[in-house]
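Residue-level structure breakdown
The lines below spell out each chain.
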Amino acid sequence: MATQEVQLNETLAHLKTESETLKSKLEEERAKLHDVELHQVAEKVEGLGQFVMKTRRTLKGHGNKVLCMDWCKDKRRIVSSSQDGKVIVWDAFTTNKEHAVTMPCTWVMACAYAPSGCAVACGGLDNKCSVYPLSLDKNENLAAKKKSVAMHTNYLSACSFTNSDMQILTSSGDGTCALWDVESGQLLQSFHGHAADVLCLDLAPSETGNTFVSGGCDKKANVWDMRSGQCIQSFETHESDINSVRYYPSGDAFASGSDDATCRLYDLRADREVAIYSKESIIFGVSSVDFSLSGRLLFGGYNDYTINVWDVLKGTRVSILFGHENRVSTLRVSPDGTAFCTGSWDHTLREEEKLIQRELASIKEQVSSPNTSMRQMKELMVRAIYCEMLGYEASFSYIHAIKLAQQGAALEKRVGYLTVSLFLNESHELLLLLVNTVLKDLQSTNLIEVCMALTVVSQMFPKDMIPAILPLVEEKLTHPKEIIRRKAVLALYKFYLIAPNQVQHIHNKFRKALCDKDPGVMTASLHIYLQMIMENPEGYKDLAACFVTILKQVVGGKLPMDFNYHSVPAPWLQIQLLRILSLLGKNDQRTSEIMYEVLDESLRRAEMNHNITYAILYECVKCIYTIHPKSELLEKAAKCIGNFVLSPKINLKYLGLKALTYVVQQDPKLALQHQMTIIECLDHPDLIIKREVLELLFRITNAQNVTVIVEKMLDFLRISKDDYTTIDLVGKVAELAEKYPSVHFTYAPDNEWFIETMNTVFSVGGDMMQPDIPNSYLKLLSEGFDSVEEDRKLRLFAVDSYVSLLQGEPGKLPQRFLQVISWVLGEYSHLMEDLEPAAVLTLLAKLLDMKHTSSETKSWVLMAMTKVCEGGAGVSVAQEVSETYSSSMDTVLRQRAQELQHLSHNSQLRDRVLPRDTRLEPLEVDSSLSFLDGFVSEALAAGAAPYKPPHQRQEELAHAKALSLEPYSLSLPISMSSCSIADRQSPTLLSISSSLSGDSTDISHKGGSTTLKLDGVKRVWGKEGYLVRRELVEETAQVEVPSPLWSPSQQGEVESSHSLTLTPTTTPEPEQEKQQLASSLFVGLGSQSSVCLMGKPTPQRFSRKAKAQGSSAGASGQIFNSLVASPSTLDNLLCNNLLDSNNSSEVDVSSPKLTSQLTQSLSTANGSCEVEGELTDGDIKGGKPSLIRDNCMVAADPAPHEDPGRPKDLCLSSHLPAELSGLSCSEIIPLCCNQRLDLSACHVQKEDSLVLVVFMTNSSDSDIQQILLQFNSEELEVSCVSDSPVEEVRSNSIAVCQYSLTVKRPSVHVEVVGALSFHMPVGTPHALQFSYKLPLTNFVRPLAVSTEEYGTMWLAFSHDTKQNLTLISDAQEPLTATLNVLGKKLQLHVVEIIGMEGIVACRLLQDQPCLMHCRVHADTLAVWLRSPVPDLPDCLLYHCQRALQEH
């Protein structure tokens, strides 16, 4: 069987090769006949004179867009069809309507007059062609005599009678044309050959009419023989859909119009295209074409509302006809050639508004009538939906739609739910009226009502009301009907997207849905799993085998045929599963090995014969290159990418380039294999292809090819007119220019290149670029290099170039570029000794006089003039400018003018205020206005109202009369006579209304909030004035670190580019240029041995001067940005869900042998290892071991080989520093290692800090030198405790480093990512990577405050969250027992317990408080947390849930 399959594949491959060979030979034969162009032959033909046409008649009557029309042979009557479902027969002379037929559907896309004039044919979205006989009696009902002739499986796009009334030719969206007998309705001949929808056809003008031409979405124009049903000629030169075809009057040629904005003429005798009718200014598609009676003129109707008239022989446009106000959809010349008629989308649109407004008035009147029945209300709602779809508001019907859903029977309720889901959004206030109806329908025994309720819930439902219906939706997961279970899963998926904390406890039920016997339920559950695995892949590793089994069954065709699409088994299900497997298998060899077989099968079965299989292949390739690599699969995936890239079809080529962009950093040699194809794509006419090629080149940029790649990007930017492309490419060019501006590398460009490139970026990008680009550029200029001389050269060149620009035409420069120029001249123009300050002032003053200069730019210019003005001739210029702008209406300009006036006369004051030659030092700004804390506290204690941000005040006003949605009442029984102002006191003193509650939390977390974020600002001002700062720990000078992801040959020992340069001796000149360009673009790729997948290679940035900061992580943070991205706080609330873990199955991981069994090696060619994964409690289930100790989760990756001489029982705990002995310490965990160096760590909890202790064990006989240990984290600040870092570890010894960890952004679990680089006495540099993860609870400490202090603090905090927690009910005092458990496990301080309520306080290192108010409510503990730190309440709430679940 296998042998037969291999032979079949070989036969198919041979046939494909042979067909391609034949196709190329045919193209060669055609090219031989292509000896001259049509316009060259017609050079001596006299041109056409003045061409004038006028509108003679306007036929009005259709209620919507006109889609098609045709002339009768009597040259007088016209038949037209429209989107309004009407077919109208007109008298073109009198504009009267002779007949009108209402079709059973809208979008009547085709119509035709019979040759005898006694019948018309039409069809559209009904998939049928209907023939209506016409009679002299205009009152006769034509619909009664309708005859359905043709039936397609998709919409009817065009129809045409042959030379008699007895046969009709049709084309359809099903990709076929057909010939029918009108009388019997029998199919006479079918025509198959198009690969997509057929949009148009035209019959040959010969008497016999045995041929016709058709065009479609596959960009092909095919000529058919109606007798044999065969395609006799095919033309494929258009670049987009062909909308119209029309035979030349002689029948020897035909014209076509396409969405690519061109008309083309094809000669059937020469079998080729002979002319193209287009202009660069025409960018809109052609919808219809037709010839004049003589054939000299070609009329084209365009989507830009015009009709272009072309000279067929000369190929020039002779006239443009205007008159329509929307796209021209159809165009036909009369049979006698004396007139032509056009149809458009415009004429009826002017009548539409009056019609809809009249209809809305009628609907409003009827829905308000008490006599309207439910059945009538249902019809009215459908009509209201249609009006809203057309863009007209029908808000009066919203409440009636809700009533219909509440009161109607099943059919009316269905329409009511549909109307509500289309009209309302999740935040609409009327949606609350539907909650009780949904609850009732979810409990109904009628399956239809349950389905409707679940559908509405999965589409739109208020976030605050999810707890009310969540138990009912959970019950539906076990419903006997699969459609109910499927909709319940989709509803839970919706809940997970908008409120993940609400469904965290039912993850096990998702697993049951995954194993459901119904494929639809299983497919629906994949949406939830894809989202959860994206956030926490480690927690679902145990399901990898399950997903693989499902994919095997799908690929093997085990699902019902209903799931197939174009004979492909469940393609969208395959795509979802492949995405899930790629996430689970990333950096995990054991999990990846399970997938190899099914991925191989998926590649084999996905034959490249349809668009959906291309999508599957693309996902397969991405998965193969994402998981742990296997050579056989990589070869097959590379072959698949090669087939895509080399395909002549644009879509497949784009797909190949996108896949190549994805995998190029994993396998750079793959780009080398296709370098010539990539070079050709740089000149591809399709801008999308060109843009994707530039993205690919951006990924492979290094110091050797950056100049060439940046030049190509800038060339594309100069011709690009797309704003998005401009913004994207400008950012990429700026990033590359900043990566490689230094002269410290052999192949890197110099400083002049950097300045010139950035000037081009500012000129081309204009004001559309991101504002951080000029900011980063100016910061780079101010910080400079380690060399003072290099700084001076860089700034001198910048000043010189900007002076030249201002002396030229500054009016053409964008505003942001002018601001950059002003700043640079103000700061560094004094460096040019031959440049007088007065000359600079004169140039800057010219900028102020330009009309287009904005106020912001003028402010920059005035500030620059203030810095430059040094007296002498410049004072008069400064004085004149300051007098001009001292009376400006802009307060900023007035201020700058005053500064200029005073500082220009007082040089000593200017030197003190604006000193020169100073570095950009970090400034500490007390944005929180902490010096007002005492005043604020006194005012609050006196009963003043706390400050509320504007958005909170607006929300309270908006919800003042709204229904309260608080989960519990927070009224407190304590009453004090001094507390009389409601809603303004502490929860320990008075009941707090819900108006101060959770709504503010939701708003404060939105990205669009305008509230100023001042969290994390150090307090530098107090009541007595400026506080004394603690001495900052000086950071050691930054050392250039070899990237652990690059081979040594890439880190300075780069191979010469001549190894990739092809010998040009026997190559034609154009090919030689391409090969030279390829050698420039792809130089430096061949030596890459290991590059991080999808991550940008670690840039070899120039060395800036080290800044004194408290953390070494800040200086090295950018090194790791492309390596690890920490998830958001909301994601962290869901990842690492350890509620169901069984800690009794912990294993000892101190043994190196066991560690090597638990992990797998990801070592690279030079012996480095990369660790990015993490092990969670999901690994503990079922007895699986995990690296978890003392609430610390570590991702470890040992060396690939065990060294027999390595000490195995070395006790690291004895090396713990003496000052840390006796403190709470976690177990020492191995982080990473190789054959020479082991790295382990633990953390020690101190009262005021958390210390990370790192042990470096050198088990070799040689000293390890030049050690550089760097950390990076988005959530933590890492600072070295030691005075000097460890730089050397002696042979067979251990070195210890201490680092202080401080939370800068709270997250459920915080992670530190590190990189260790070192050198051996002999050999290449080495690098290791690791990560250390631990829960936020390690940073929580008790906060001892009094009840009064608690109340004051409560009102000052704005970020809060609420939740009901499990109450320990088996104790005599449940509240006390519960708070004691929380206090013990999370180190919380119980301030006071009064009755059924309690208050708790804690702080996060350093001094970030969080308060919690608890109340026993209906056997649950209702908690309300508040903090000045935005994410801290949510994180602490998560750990409270865990602590109570584990108790």
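Only a predicted model underlies this, so the values are computations on that prediction, with no experimental measurement involved.

Observations concerning the overall build of the protein
If you tally the helices and strands in the protein, you get 42 helices and 47 strands. A burial count over the protein gives 51% of its 1447 residues as buried. In the protein, of all internal contacts separated by at least 6 residues, the share reaching a separation of at least 24 is 62%. Of the roughly 67200 Å² of accessible surface on the protein, a fraction of 51% belongs to carbon and sulfur atoms.

Some points on the sheet that holds strand β14 (residues 211-216)
If you walk across this open sheet you meet the 4 strands as β13-β14-β15-β16, and the pairing is antiparallel. Both edges of this open sheet fall to β13 (198-203) and β16 (231-235), since each of them pairs with a single strand only. Shown here is a sheet whose adjacent strand axes are inclined to one another by a mean of 20 degrees, direction ignored. Here β14 runs beside strand β15 (residues 221-225); their pairing, made up of 5 bridges, is antiparallel. Bridge assignment links Val213 to a residue of β15, and that residue is Val223.

A look at a negative patch on the surface
Taken together, Asp800, Glu833, Asp834 and Glu836 make up a surface patch of like negative charges. You can see Glu836 is positioned in the loop between α27 (815-828) and α28 (837-849).

Here's the deal with the sheet that holds strand β23 (residues 307-311)
Strand order across the open sheet formed by 4 strands is β21-β22-β23-β24, with antiparallel pairing between neighbours. Two strands close off the open sheet at either side, each with one partner strand: β21 (286-291) and β24 (317-321). Between one strand axis and the next, the sheet turns by 20 degrees as a mean value, whatever way the strands run.

With respect to the confidence of the model for the protein
For the protein, per-residue confidence averages 76 on the pLDDT scale, and 78% of positions sit at 70 or higher. Counting interchain partners and residues more than four positions distant, the pLDDT-below-50 stretch residues 961-1067 has 206 contacts. For residues 1087-1210, every residue scores under 50 in pLDDT, and the model assigns this stretch 328 contacts once sequence neighbours within four places are set aside.

Some words on helix α9 (residues 466-475)
One turn of the α-helix equals 3.6 residues, which is why residues spaced by three or four share an orientation. Every buried residue of α9 is listed here: Ile466, Ile469, Leu470, Leu472, Val473 and Glu474. Lining the buried residues of α9 we find α7 (435-442), α8 (447-459), α10 (482-498) and α11 (507-514).

Points about helix α6 (residues 410-423)
For α6, with 14 residues, the first-to-last C-alpha span of 20 Å sits near the 20 Å given by 1.5 Å per residue. Where α6 is concerned, the buried positions are Glu412, Lys413, Val415, Gly416, Tyr417, Thr419, Val420, Ser421 and Phe423. Where α6 is buried, its residues contact α4 (374-389), α5 (398-407), α7 and α8.

A look at the side chain of Thr162
Take Thr162: it is sitting in the loop between β9 (156-161) and β10 (167-172). When near neighbours in sequence (up to four residues on either side) are disregarded, Thr162 contacts Pro115, Gln167, Leu179, Leu203 and Met226.

Some details on the nonpolar core
Residues Leu492, Tyr529, Phe547, Tyr777, Val824 and Met865 are the most contacted members of the largest nonpolar core, which totals 200 residues. Per element, the largest residue contribution to this core is 10 residues, and it comes from helix α16 (residues 611-626). If near-sequence neighbours (up to four positions away) are discounted, Leu492 is found in contact with Leu470, Val473, Leu477, Val503, Ile506, Phe510 and Ile528. Membership of the second largest hydrophobic core comes to 63 residues, among which are Leu1231, Leu1269, Phe1339 and Leu1365.

Here's the deal with the pattern of salt bridges
Summed over the entire model, instances satisfying the criterion amount to 38 salt bridges. Here Asp252 ties to Arg269 by a salt bridge, and the two come within 3.6 Å at their closest N and O atoms. Here Arg269 lies in the loop between β19 (263-267) and β20 (272-277) and Asp252 lies in the loop between β17 (242-247) and β18 (253-258), a separation of 17 residues in the sequence. The exposed category is assigned to Arg269, whose relative accessible area is 62%. Salt-bridge contacts for Asp1360 lead to Arg1426; the nearest nitrogen and oxygen are separated by 3.8 Å. Of this pair, Asp1360 sits in strand β43 (residues 1359-1366) while Arg1426 is found in strand β47 (residues 1420-1427), placing the two residues 66 residues apart along the sequence. Look at Asp1360 and you get buried, because its relative accessible area is 1%. For Arg1426, a relative accessible area of 5% gives the class buried. Each of Glu695, Arg699, Asp728 and Lys732 takes part in one network of salt bridges that share partners.

Focus: the packing of aromatic side chains
Under the criterion given, the structure shown has 24 aromatic pairs. Here Trp823 and Tyr828 contribute two aromatic rings whose centre-to-centre distance is 5.8 Å and whose plane-to-plane angle is 80 degrees, an arrangement assigned as edge-to-face. Of the aromatic side chains, those joined through ring pairs into one cluster are Phe754, Phe762, Tyr777, Tyr802 and Phe817. Sitting over the ring of Trp345, Arg327 keeps its end group 4.5 Å from the ring centre. When the ring centre of Phe698 is taken as origin, the NZ or CZ atom of Lys732, which lies over that ring, is 5.4 Å away.

Quick look at the pairing of strand β35 (residues 1237-1245)
Along β35, 9 of the 9 residues are buried, which leaves the element largely enclosed by surrounding structure. Burial of the side chains of β35 extends over both faces: Leu1237, Leu1239, Ala1241, His1243 and Gln1245 are buried on one face and Asp1238, Ser1240, Cys1242 and Val1244 on the other. Where strand β34 (residues 1229-1233) meets β35, 4 bridges bridge the pair, whose relative direction is antiparallel. Following the sheet pairing, Cys1232 is matched in β35 by Leu1239. Adjacent in sequence and paired antiparallel, β34 and β35 are bridged by 3 residues. Examined bridge by bridge, β35 and strand β36 (residues 1250-1258) share 9 bridges and lie antiparallel to one another. Bridge pairing links Leu1239 to Met1256 in β36. Between β35 and β36, which follow one another and run antiparallel, lie 4 residues.

Some remarks on the packing of helix α29 (residues 855-868) against helix α31 (residues 891-905)
Their axes nearest at 9 Å, the elements α29 and α31 cross at an angle of 10 degrees. The angle between α29 and α31 places the two elements in the roughly parallel class. For the pair formed by α29 and α31, the contact residues are Ser855, Lys858, Ser859, Leu862, Met863, Met865 and Thr866 on the first element and Val892, Leu893, Arg896, Ala897, Glu899, Leu900 and Leu903 on the second. Across the contact of α29 with α31, the residue classes tally to 8 nonpolar, 3 polar and 3 charged.

What counts, and where the lines are drawn
Residues numbered from 1 in each chain as written. Predicted model: local features only at pLDDT ≥ 70, side-chain atom pairs only at ≥ 80, totals over all residues. Heavy atoms only, no water. Helix = DSSP H or I, 4+ residues; strand = E, 2+ residues; numbered from the N terminus. Buried < 20%, exposed > 50% of the residue type's maximum accessible area, 1.4 Å probe, protein only. Contact = heavy atoms within 4.5 Å. Areas by Shrake-Rupley, 256 points an atom, 1.4 Å probe, with all protein chains shown as cover. Pairing = 2+ DSSP bridges. Axes fitted to C-alpha atoms, helices over the stretch in contact; angles between N-to-C directions. Patch = residues over 30% accessible without salt bridge, like charges linked within 9 Å, V, L, I, M, F, W, Y side chains within 5 Å. Salt bridge = Lys/Arg side-chain N within 4 Å of Asp/Glu carboxyl O. Lys, Arg positive; Asp, Glu negative; His and termini not counted. Charge placed at Lys NZ, Arg CZ, Asp CG, Glu CD. pLDDT = per-residue confidence, 0-100. Expected span 1.5 Å × (residues − 1). Core = buried A, V, L, I, M, F, W, Y, C linked by side-chain atoms within 4.5 Å. Phe/Tyr/Trp six-rings, centres within 6.5 Å; stacked < 30°, edge-to-face > 60°. Lys NZ or Arg CZ within 6 Å of the ring centre and 35° of its normal. Parallel < 35°, antiparallel > 145°, perpendicular 65-115°, else oblique. Nonpolar A, V, L, I, M, F, W, Y, C, P; charged D, E, K, R; others polar.

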